[in-house]
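Each chain, written out:
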Amino acid sequence: MNVSEAYDYSVLFLKANGVDEPEFKAKNIICEIISVRLSEFEFHKNDFVNTKKLADFLWRLKSGEPLQYIIGKWDFYESEFEVGKGVLIPRPETEELVDEVVKYAKTLTNPVIFDLCSGSGCIGVSVAKKIPKSTVYCIEKSEQAFKFLTKNADSIPNVITILADINDNLDLPLADIIVSNPPYIKSNDLSSLQKEVQFEPKMALDGGVDGLDFYRIINDKWSSRLKKNGRLFLEIGNDQGESIRQALNSFSNILVKKDIYSNDRIVIAEND
């Protein structure tokens, strides 16, 4: 079976089984199988496709497994990050959070940055690449996620990875910036998330009864680890814009910004 035939078959199979974005996903898995970039797809229509591997990928997509886990990587903020079972998949709206951090970090000299609940490291590593004179501490408690974090940060000299819970008392310098995309889904809402999201680690999604548990930890334990007038940057759920102000009572000048979908998504605050 060549690439053209494999693509047509895959799209039909995925459509018949109710998988969303069938054309996009078909193209991605075929490019992964034949080891070419997505942009090169059109030039490889006659290449041979391993049908056994194709069948495996299609059935995994049918089961609801995320495309990103199947191909083992995903693009985020000009870089490719390794991802897989046990780590949260980078999302495009999180790139806007990175933009905000980078914009502010460029005004500082040799900033110290903490990326809490770092996961794959997509935030911390992306910031470190853009601000090479920074020192970025990526802190993650999941051993599964930490494996991906260390791989993604391996060649970045200004990233320090730490396997720890953000509740731990860590011996770290004071930070100029704290950034985090913590778990913020309400516990009772987890079961209603779409099928693909159910494959992602609950640890990276479950923010407690009201979704604010981790923001309270950051407020209570990490405000003292931020320099005076330092900045806090957070990703939040699209219904948490008002409640986050109460959770962050150690901070001032709290600004809630909307994402590309016009949902509340980014919080920027200053340390008193």
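Residues numbered from 1 in each chain as written. Predicted model: local features only at pLDDT ≥ 70, side-chain atom pairs only at ≥ 80, totals over all residues. Heavy atoms only, no water.

S.K.: What's the story with the pattern of salt bridges in this structure? I'm lost.
M.R.: When the charged atoms of two side chains with opposite charge come close together, those side chains can pair. Tallying each qualifying case throughout the model produces 21 salt bridges. Close ionic contact of lysine 130 with glutamate 78 constitutes a salt bridge, the shortest N to O distance being 3.4 Å. Of this pair, lysine 130 sits in helix α6 (residues 122-130) while glutamate 78 sits in the loop between β1 (73-76) and β2 (79-82), and the two are 52 residues apart along the sequence. The partly exposed category is assigned to lysine 130, whose relative accessible area is 34%. With a closest N to O distance of 2.3 Å, arginine 216 and aspartate 210 form a salt bridge. Linked by salt bridges that have partners in common, Asp20, Lys25 and Glu196 make up one network. (Salt bridge = Lys/Arg side-chain N within 4 Å of Asp/Glu carboxyl O. Helix = DSSP H or I, 4+ residues; strand = E, 2+ residues; numbered from the N terminus. Buried < 20%, exposed > 50% of the residue type's maximum accessible area, 1.4 Å probe, protein only.)

S.K.: Can you walk me through α6 in this structure?
M.R.: Side chains three or four residues apart in an α-helix point the same way, a direct result of the helix having 3.6 residues per turn. Summarising burial for α6: 7 of the 9 residues are buried, a large majority. Every buried residue belonging to α6 is among Cys122, Ile123, Gly124, Val125, Ser126, Val127 and Ala128, and all of these are buried.

S.K.: Explanation requested: the nonpolar core in the structure shown.
M.R.: When a protein is soluble and globular, its nonpolar side chains tend to lie buried together. Phe114, Ile139, Ile166 and Trp222 are the most contacted members of the largest nonpolar core, which totals 32 residues. Of all the secondary-structure elements, those providing two or more residues to this core are β3 (112-116), β4 (135-140), β6 (175-180), α8 (213-222), β7 (226-235), α9 (243-247), β8 (251-258) and β9 (264-271). For this core, the element with the most residues is α8, which contributes 5 residues. Contacts of phenylalanine 114, omitting those with residues within four sequence positions, involve Tyr137, Leu172, Pro173, Leu174, Ala175, Ile177, Ile178, Val179, Trp222 and Arg225. Of all hydrophobic cores here, the second largest spans 28 residues; its members include Val101, Ala105, Ile177 and Phe233. (Core = buried A, V, L, I, M, F, W, Y, C linked by side-chain atoms within 4.5 Å. Contact = heavy atoms within 4.5 Å.)

S.K.: Explanation requested: helix α5 (residues 92-105) in the structure shown.
M.R.: For α5, built from 14 residues, the straight-helix expectation of 20 Å at 1.5 Å per residue is met to within 8% by its first-to-last C-alpha distance of 20 Å. Burial analysis of α5 places 10 of its 14 residues in the buried class, which makes it a mostly covered element. Regarding α5, the residues found buried are Glu93, Thr94, Glu96, Leu97, Val98, Glu100, Val101, Val102, Tyr104 and Ala105. (Expected span 1.5 Å × (residues − 1).)

S.K.: Even after reading the chapter, I still don't get the pairing of β9, so can you show me in this structure?
M.R.: Put simply, side chains in a regular strand alternate between the two faces of the sheet. Counting buried residues in β9 gives 7 out of 8 residues, a clear majority hidden from the surface. Where β7 and β9 come together, 5 bridges link them in antiparallel fashion. Looking at the pairing, arginine 231 lines up with glutamate 270 of β9. Pairing of β8 with β9, which is carried by 6 bridges, proceeds in the antiparallel orientation. Residue pairing in the sheet places phenylalanine 251 in a bridge with asparagine 271 of β9. Once β8 ends, the chain turns through 5 residues before running back antiparallel as β9, passing serine 262 with a positive phi of about 65 degrees. (Pairing = 2+ DSSP bridges.)

S.K.: I would appreciate a short explanation of the side chain of asparagine 2 in the present structure.
M.R.: Mapped onto the elements, asparagine 2 comes out in the segment before α1 (3-16). One polar contact links the side chain of asparagine 2 to the main-chain amide nitrogen of serine 4, over a distance of 3.2 Å. In this structure the side chain of asparagine 2 is engaged in a polar contact, spanning 2.8 Å, whose partner is the backbone nitrogen of glutamate 5. In contact with asparagine 2, other than residues within four places in its own chain, are Lys45, Asn46, Asp47 and Val49. (Polar contact = N/O pair within 3.5 Å; in protein donor to acceptor, adjacent residues only side chain to side chain.)

S.K.: Can you walk me through the environment of serine 192 in this structure?
M.R.: Locating serine 192 in the fold gives a position in the loop between β6 and α8. Using a relative accessible area of 59% as the deciding quantity, one classes serine 192 as exposed. The spacing of serine 192 and threonine 94 is 98 residues in sequence and 22 Å in space, taken between C-alpha atoms. A polar atom in the side chain of serine 192 sits 2.8 Å from the backbone oxygen of aspartate 189.

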